[in-house]
Amino acid sequence: MEPTAPITTRIRGIARLWDGARVHRDVSLLIRGGRCLEIAGPDDTDGGGDDGGEYEDIDADGLIAMPGLIDCHTHSTFAGSRVADFVNRLGGTSYTSLLEGGGGIHTTVQSTRMSTTDELTLLTSSRLEQMLTHGVTTVEVKSGYGLDLKTERRMIEAARASSGPVEVLTTFLAHVLPRGRDRVEYMRELLDVNLPALAPLVSAADVYCDDGAFTLAETDAILSRAKALGLGLHVHAEQVAYTGAAALAAHYGALSADHLERIDAAGINAMAKAGTVAVLLPGAMLYLKDIAPPVAALRAAGVPLAVATDFNPGSSPITNLWSAATLACLTMGLSVEEALAGITRNAARALGRPDLGWLGRGSAADFALFAPPIGEPPSVEVLLQYLGGTQAEQVWKAGQRVL
Ligand code: NIG
Ligand code: FE
């Protein structure tokens with residue numbers, strides 16, 4: 001990071017600004033040294049500049065400002081194609097039967113193992129670049145298509161090396177058991193070798209607890225070890241089968257439990273008590289033709305709701321976080337405010353990064369400016385109304401214009 005410049009940048013004429021909790025009208029955003037100084041009113045010409053520093057004005061006439069969007073659950077590092085799965089599933093084959101037959105996730109494991117780290121880095125960078133065009137400035141990227149130590153490490157290194165302004169947070173994912181490996185022996189290797197070796201390279205660990213993946217007892221052992229290693233915790237929970245993984249995640253103080261289509265009352269109460277964020281993944285729900293998670297019950301219990309793409313080639317080939325947010329409204333019943341918080345403030349919370357996902361005095365100067373769709377008046381709601389239609393006019397990360 002460069003030394004802090006004394007110059008204050010004033011983004012003027014913003015028609016609407018959503019600060020993470022509410023909408024402001026006709027404001028300027030003042031930033032300096034990678035941080036937000038303040039959200040100033042239209043007539044407040046010298047706000048934040050009492051120290052006599054210089055100003056640089058940027059014209060945002062009629063645009064809509066959002067905190068930099070945060071995609072808190074993705075599998076963006078992978079190689080190969082899963083188009084055959086897509087076609088087979090349309091023909092009626094189930095996700096789990098493909099997985100248990102050695103296809104599904106295992107197909108991507110094979111192609112990822114065969115790729116070089118440079119290839120994986122390039123693929124990840126290109127995908128993140130595409131996400132940036134929608135105003136996304138922070139992306140969580142999981143491992144889990146290597147399954148052996150060598151490839152898991154290469155995946156994590158590739159995600160960390162991805163070029164470009166998008167901030168990447170990496171998560172070690174215990175995804176499925178590798179084909180042909182003894183369960184007990186692989187679990188021992190995962191706990192005693194892979195997790196300790198990779199912990200210094202990631203900020204969190206995640207387990208896919210489900211039919212065809214890890215059992216609840218195995219998930220318990222992995223979460224316990226990951227917690228002892230100081231990692232943040234996430235769980236793919238209650239997606240295809242109900243397992244009790246959400247309550248287990250809460251018990252370990254997990255940052256998030258994700259999917260949750262089949263969560264029960266006990267899981268919801270445990271999450272509410274622990275402050276574990278529910279990460280809703282409407283892309284996977286749609287592609288697997290699944291039921292919606294019980295959003296009304298999660299809301300009533302006070303569980304914070306986040307929304308992510310779950311971008312992966314199998315169950316959610318979606319890179320556009322706005323589309324995920326719109327789908328969360330349409331298919332899961334989120335309100336506009338919940339969807340907006342879900343891709344900003346609560347997504348930051350799901351990543352253990354309360355410094356991100358909001359705008360105001362002292363926040364990160366991560367934000368994006370959007371034009372309303374053609375013919376529409378500027379409003380924050382309209383960005384959600386048009387499915388997949390929102391490309392950012394400008395994106396700023398840590399006070400620098402990056403798009
Ligand atoms: O979050 N459900 C398990 N894992 C991913 C899917 C990964 C894949 O199918 O490649 C998910 O949906
Ligand atoms: Fe996932």
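In this text, all values refer to a predicted model and were calculated from it rather than measured experimentally.

Looking at the environment of T112
As for its position among the elements, T112 is in helix 3 (residues 105-114). C-alpha separation for the pair T112 and E152, spaced 40 residues apart in sequence, amounts to 9.5 Å. Apart from residues no more than four positions distant in its own chain, T112 is found in contact with F78, A79, L120, Y145, T151, R154 and M155.

As for the state of the cysteines
Working definition of a disulfide: a covalent bond connecting the sulfur atoms of two cysteines. Here the structure, examined in full by the defined rule, presents 0 disulfides. Cysteine C209 remains unbridged, with the sulfur of C72 as its closest cysteine sulfur at 19 Å. Judged by relative accessible area, which is 0%, C209 ranks as buried. The closest cysteine sulfur to the non-disulfide-bonded C329 is located on C72, 15 Å from its own sulfur.

Overview of the site of ligand 1
Around ligand 1 there are 15 residues in total, and R82, Y95, Y145, D310 and S315 lie nearest to it. Taking H236, its side chain carries an N or O atom lying 3.0 Å from an oxygen atom of ligand 1. In this structure, a nitrogen atom belonging to ligand 1 sits 2.9 Å away from a side-chain N or O atom of Q239. For the shell around ligand 1, the residue count by class is 4 nonpolar, 9 polar and 2 charged.

Details of the sheet that holds strand 8 (residues 167-174)
Taken together, 8 strands build an open sheet; the order of strands is 6-7-8-9-10-11-12-13 and the sheet is parallel. On the outer flanks of this sheet lie strand 6 (69-71) and strand 13 (305-307), each paired with one strand and no other. Averaged over all pairs of adjacent strands, the angle between strand axes in this sheet comes to 25°, irrespective of strand direction. In this sheet, strand 13 lies alongside strand 12 (residues 277-280) in parallel orientation, the contact comprising 3 bridges. When the bridges of strand 13 are listed, V279 appears paired with A306. Docked against the sheet, helix 5 (residues 149-161) engages strand 7 (136-142) and strand 8, running at close to 165° with respect to strand 8.

What to know about the coordination of the iron ion (ligand 2)
Every protein donor of the iron ion (ligand 2) is accounted for by H73 (NE2), H75 (NE2), H236 (NE2) and D310 (OD), and the metal-donor separations fall at 2.1 to 2.3 Å. One chain supplies every donor for the iron ion (ligand 2), spaced along it as H-x1-H-x160-H-x73-D. Taken together, the residues span a long stretch of sequence, with H73 in the loop between strand 6 and helix 1 (83-90) and D310 in the loop between strand 13 and helix 12 (321-332) at a distance of 237 residues. Of the two residues, H73 and D310, both sit in the buried class.

Reading the values: rules and limits
Residues numbered from 1 in each chain as written. Chains lettered and ligands numbered in written order. Predicted model: local features only at pLDDT ≥ 70, side-chain atom pairs only at ≥ 80, totals over all residues. Heavy atoms only, no water. Helix = DSSP H or I, 4+ residues; strand = E, 2+ residues; numbered from the N terminus. Contact = heavy atoms within 4.5 Å. Disulfide = S-S within 2.5 Å. Buried < 20%, exposed > 50% of the residue type's maximum accessible area, 1.4 Å probe, protein only. Near = heavy atom within 4 Å. Polar contact = N/O pair within 3.5 Å; in protein donor to acceptor, adjacent residues only side chain to side chain. Nonpolar A, V, L, I, M, F, W, Y, C, P; charged D, E, K, R; others polar. Pairing = 2+ DSSP bridges. Axes fitted to C-alpha atoms, helices over the stretch in contact; angles between N-to-C directions. Donors = N, O, S within 2.8 Å, 3.2 Å for Na, K, Ca; no water.

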